[in-house]
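# Coordinates in review
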Amino acid sequence: MIPDGPTLISMASRLTLALLLVSVALTFIRLVRGPRAADRIVALDLIAVLIVAFVGAYAIFAEDTSFLDVAIAYALIAFLGTVALSRFLLRSRGRASGIPPSKKDNP
Amino acid sequence: MNAIFASALMIVGSLFCLVAAVGMLRLPDTLIRMHAATKAGTLGAGCILLAGAVVAAELGTTLKAIAVIVFLLLTAPVAAHLIGRAAYHQGIALFEKTWIDELGEAMSAAPADPPGPGPVPEPSEDKQGSGT
């Protein structure tokens with residue numbers, strides 16, 4: 001998996017992978033204890049972007065460019081998931097403030 | 001030279017990602033946390049994928065990495081807008097030092113007119129308070 005000795009690229013990609021792992025762990029704390037559902041959706045969105053960055057860094061680390069296809073597919077699926085979750089949030093509890101989903105907020 | 005440039009891009013991008021995660025943990029409000037998440041997350045991922053494009057230095061791989069960056073840049077504002085709108089309509093508690101709330105003023109000025117037919121005024125500068 002590690003192609004050759006500790007070149008600059010491999011050391012930098014290892015450091016990048018470690019920092020991204022710490023970032024995902026920190027964001028996971030917010031995902032667990034976020035007080036509202038919106039906080040959890042924001043944390044999930046950030047985790048998805050961080051995983052896309054992780055896959056890109058792993059493509060550099062393993063010198064295998066086919067991981068970039070994984071990054072494309074994961075970015076697409078994460079965007080669809082975020083849109084679906086926020087639409088669900090908007091439709092489920094938005095009735096209390098009288099907001100139909102297509103209403104424009106004209107002053 | 002390429003290796004030094006790509007390594008610097010990777011380190012900078014991962015530091016941006018770390019700043020985004022710390023901001024997600026420490027900032028006081030949902031909308032303020034979205035600021036950290038969308039902006040810094042996209043910039044960090046963009047830097048790391050740009051490093052991948054620099055390392056590979058061939059046409060197909062570079063195009064793939066740039067496609068991922070463009071896709072992230074296109075989808076981040078849309079997702080942020082949707083999440084912010086949903087969060088605001090949920091009635092999240094704003095930070096106590098928030099002094100401007102244009103969407104709330106607009107909603108309290110025109111409460112709950114039905115979305116049926118009628119003279120539709122031209123769309124003005126709304127939804128400014130629900131972004132990042």
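This text gives an overview of the structure that appears in the document. Just so it is clear, the structure is predicted and the values come from calculations on it, not from any experiment.

This next bit is on the interface of chain B and chain A. With 61 residues of chain B at the contact, the number on the chain A side is 54 residues. Those elements that place two or more of their residues in the side of chain B that touches chain A are α1 (2-26), α2 (30-56), α3 (59-89) and α4 (102-109) of chain B.

What follows concerns helix α2 (residues 37-62) of chain A. Residues and elements named next belong to chain A. The terminal C-alpha atoms of α2 lie 37 Å apart, and with 26 residues this matches the ideal 38 Å at 1.5 Å per residue to within 8%. Most of α2 sits inside the fold, with 21 of its 26 residues counted as buried. Residue Glu63 follows α2 closely and has a positive phi angle near 50°.

To continue, consider unusual backbone geometry. Within the chain, Glu63 of chain A stands out as a residue other than glycine whose phi angle is a positive 50°. Mapped onto the fold, Glu63 of chain A is located in the loop between α2 and α3 (67-93).

Residues and elements named next belong to chain B. By the burial criterion, the buried members of α4 are Leu103, Ala106 and Met107. Projected down its long axis, α4 shows its buried positions confined to an angular sector of 95°, all on one face. Facing away from the buried side of α4, by more than 90 degrees, are the exposed residues Ser108 and Ala109. The inward-facing, buried residues of α4 abut α3.

Residue and element names in this part refer to chain B. Tracing the backbone through its elements, the reader meets Tyr88 in helix α3. Under the C-beta neighbour-count criterion, Tyr88 is labelled buried, with 24 such atoms within 10 Å. Each C-alpha atom, one on Tyr88 and one on Leu103, is 8.9 Å from the other, the two residues being 15 residues apart in sequence.

Let's shift gears to the packing of α2 of chain A against α2 of chain B. The axes of two packed helices give the description: the angle between them and the distance between them. At a closest axis distance of 9 Å, the pairing of α2 of chain A and α2 of chain B adopts a crossing angle of 10°. Between α2 of chain A and α2 of chain B, the angle is such that the two are roughly parallel.

To continue, consider the environment of Ile60 of chain A. Counting through the fold element by element, Ile60 of chain A comes out in helix α2. Taking the C-alpha atoms as reference points, Ile60 of chain A and Arg14 of chain A, 46 residues apart in sequence, are found 9.7 Å from one another.

On to the nonpolar core, then. The biggest cluster of nonpolar side chains holds 68 residues, and the ones touching the most others in it are Leu46, Val52 and Ala53 of chain A together with Ala20, Ala51, Val68 and Ile83 of chain B. Sorting the residues of this core by element identifies α1 (8-33), α2 and α3 of chain A together with α1, α2, α3 and α4 of chain B as the ones contributing at least two each. Ranked by residues supplied to this core, first place goes to α2 of chain A with 18 residues. In contact with Ala53 of chain A, not counting residues within four places along its chain, are Leu20 of chain A together with Gly13, Cys17, Gly44, Ala45 and Ile48 of chain B.

How each quantity is defined
Throughout this description, residue numbers start from 1 for each chain and increase along the sequence as written. To read the labels, note that chains go from A and ligands from 1, taken in the order they are written. Only residues with pLDDT of at least 70 are given local features in this predicted model, and only at 80 or more are side-chain atom pairs given and counted; all residues enter the totals for whole chains, interfaces and linings. By the criterion used throughout, residues are in contact when their C-beta atoms, derived from the backbone, lie within 7 Å. Counting from the N terminus, the helices are the DSSP runs of H or I reaching at least four residues and the strands are the DSSP runs of E reaching at least two. A helix is expected to reach a length of 1.5 Å times the quantity of its residues less one. As a rule, residues whose C-beta atom has 12 or fewer other C-beta atoms within 10 Å are exposed, those with 20 or more are buried, and those in between are partly exposed; C-beta atoms are placed from the backbone. The arc refers to the directions leading from the helix axis to the C-beta atoms. Lines are fitted to the C-alpha atoms to define the axes, a helix being fitted only along its stretch in contact, and any angle between axes, read from their N-to-C directions, falls within 0 to 180 degrees. The scheme is simple: roughly parallel for angles under 35 degrees, roughly antiparallel for over 145, roughly perpendicular for 65 to 115, oblique for anything else. In this description, a nonpolar core means buried residues of the types Ala, Val, Leu, Ile, Met, Phe, Trp, Tyr and Cys, linked to one another by C-beta atoms lying within 7 Å.

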